[in-house]
Amino acid sequence: MIGIKGPRGTGKTTLMLQYLKYDLGVPDNALYVTADHTWFYTHTLLDTANDWYRQGGKILIIDEVHKYPNWSVELKNIYDGLPEMQVIFSASSALDIYRGEADLSRRVITYTLPGLSFREFLSFTVGLSFSPIKIEDITNNHREISRQITEELRPLPEFKRYLQVGYLPIIAEGEDSYHLKLNQIINTIIETDLAYIAGYNTGTATKVKKMMGVIAESVPFKPNIAALARKLDLSRDSVYQYLYQLREAKLLNVLIAEGKGVSRLQKPDKIFLENPNYSFALKENPDIGNVRETFVLNQTLNAGINVNCPYRGDFYIDGLTVEVGGKSKNHAQVRHLDNYLIATDDIEIGTGKSVPLWLFGFLY
């Protein structure tokens, strides 16, 4: 049993359908269903799987499983009762597969599909393929890597485009409608996905959207939970809960000081939008400094790298302090540290401790 989690718009449905068509060749023993289809008004997932198995079915692909009320129990029953059936399902990022009513932790292998990295965006839009790099490569070999890449393209115009409209594959449908679709995705996550997963009603969804609007105006910021609660007419516990759910739904990223865990009732040290495209969709002229920091946090987290809030600098990334800024950014804030980098925008090739900001988009 394989689960594919990820934010809306990253291509989970397309990935499964491409696997069905191109890898499997649309075999007679494979069935694709979507869990919010009217079929499931009068049929269960388990009954559907059993019927399909009796007809010779061997593969069952279930899209948007979080929209099915009893998903965890029935997936467990399918896994245990039909050992020859391969099950692949997709789910919202906000769905905690391991906290369902039934224990799926020993039964399902979960993969996460994030949005496009800058490296993947270049492959997707201009057809140039580059290998991913590690954070150590940026630290130790950024000049050589940057030089190799700039021999094939001028990265800065494409990077500016990526920050505005490059994170989701829906860019293939046109740039003009990209932000409109992005706002629709945000609304659908809050009104539909979180309604299924967290039991949101219309009033709750309205308050959560208002919270997103407040956060979008001021990110990244150190949240005053009491002030936020008063502004939204919510309890402090509700604010913590909604922040946690928006983080799980990949609408926000939170930054925690080193040594702290992330819990549902813990104040984050900083709050960011999940990706830079949200900044342009939710605010007409976002602060470019905020956009740059949002980009670095998004790319490093998606690459599976541990990021914390440092005492000095913007990010503490696997023992490395990273300060983010424009071409004129100086080293005064972090130069006393042994291990630091300045992620500098608007440069193609760096020098010394100054590395090109866009290079962080090659981490996955």
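Because the structure is a prediction, the values reported are computed rather than measured.

**Student:** What's the story with the sheet that holds strand β11 (residues 340-344) in this structure? I'm lost.
**Tutor:** Either a parallel or an antiparallel arrangement is found when strands of a sheet pair, and the pairing is made through backbone hydrogen bonds. Read across the sheet, 5 strands follow the order β8-β9-β10-β11-β12 without closing on themselves; strand pairing throughout is mixed. Edge positions in the sheet fall to β8 (307-308) and β12 (354-356), since each of these pairs with one other strand and no more. Pairing between strand β10 (residues 320-325) and β11: 5 bridges, direction parallel. In the sheet register, V324 faces β11, and the bridge partner there is A343. Against the sheet, helix α5 (residues 135-150) makes contact with β9 (315-317), β10, β11 and β12, and its axis sits at roughly 75° relative to β12, the strand it touches most. Packed on one face of the sheet, helix α12 (residues 288-302) meets β8, β9 and β10 and runs near 20° to β9.

**Student:** Help me understand the pattern of salt bridges, please; the structure alone is not making it clear to me.
**Tutor:** Think of it this way: side chains of opposite charge can pair up when their charged atoms draw near. Under the defined criterion, the tally for this structure stands at 20 salt bridges. Here D51 and R54 are joined by a salt bridge, their closest N and O atoms 2.4 Å apart. On the criterion of helical spacing, the pair formed by D51 and R54 is a turn pair, its members being 3 residues apart in helix α2 (residues 45-54). For R54, a relative accessible area of 62% gives the class exposed. The salt bridge involving R147 is made with E144; its shortest N-O contact spans 3.6 Å. Here E144 and R147 lie together in helix α5, a separation of 3 residues that amounts to about one turn.

**Student:** Could you clarify how one ought to interpret helix α9 (residues 225-232) in this entry?
**Tutor:** Turn by turn, an α-helix covers 3.6 residues, leaving residues three or four places apart pointing in a common direction. Looking at α9, one finds that the buried residues are I225, L228, A229 and L232. Buried residues of α9 fall within an arc of 100° about the axis and therefore sit on the same side. Exposed side of α9, more than 90 degrees from the buried face: R230 and K231 are the residues found there. Buried residues in α9 make contact with α8 (202-218) and α10 (236-248). At the N-terminal end of α9, a side-chain oxygen is found 3.3 Å from the backbone nitrogen of A226, two or three residues along, and the residue is N224. Directly beyond the C-terminal end of α9, a positive phi value near 55° is found at D233.

Rules and cut-offs
- Residues numbered from 1 in each chain as written.
- Predicted model: local features only at pLDDT ≥ 70, side-chain atom pairs only at ≥ 80, totals over all residues.
- Heavy atoms only, no water.
- Pairing = 2+ DSSP bridges.
- Helix = DSSP H or I, 4+ residues; strand = E, 2+ residues; numbered from the N terminus.
- Contact = heavy atoms within 4.5 Å.
- Axes fitted to C-alpha atoms, helices over the stretch in contact; angles between N-to-C directions.
- Salt bridge = Lys/Arg side-chain N within 4 Å of Asp/Glu carboxyl O.
- Buried < 20%, exposed > 50% of the residue type's maximum accessible area, 1.4 Å probe, protein only.
- Arc of directions from axis to C-beta.
- Polar contact = N/O pair within 3.5 Å; in protein donor to acceptor, adjacent residues only side chain to side chain.

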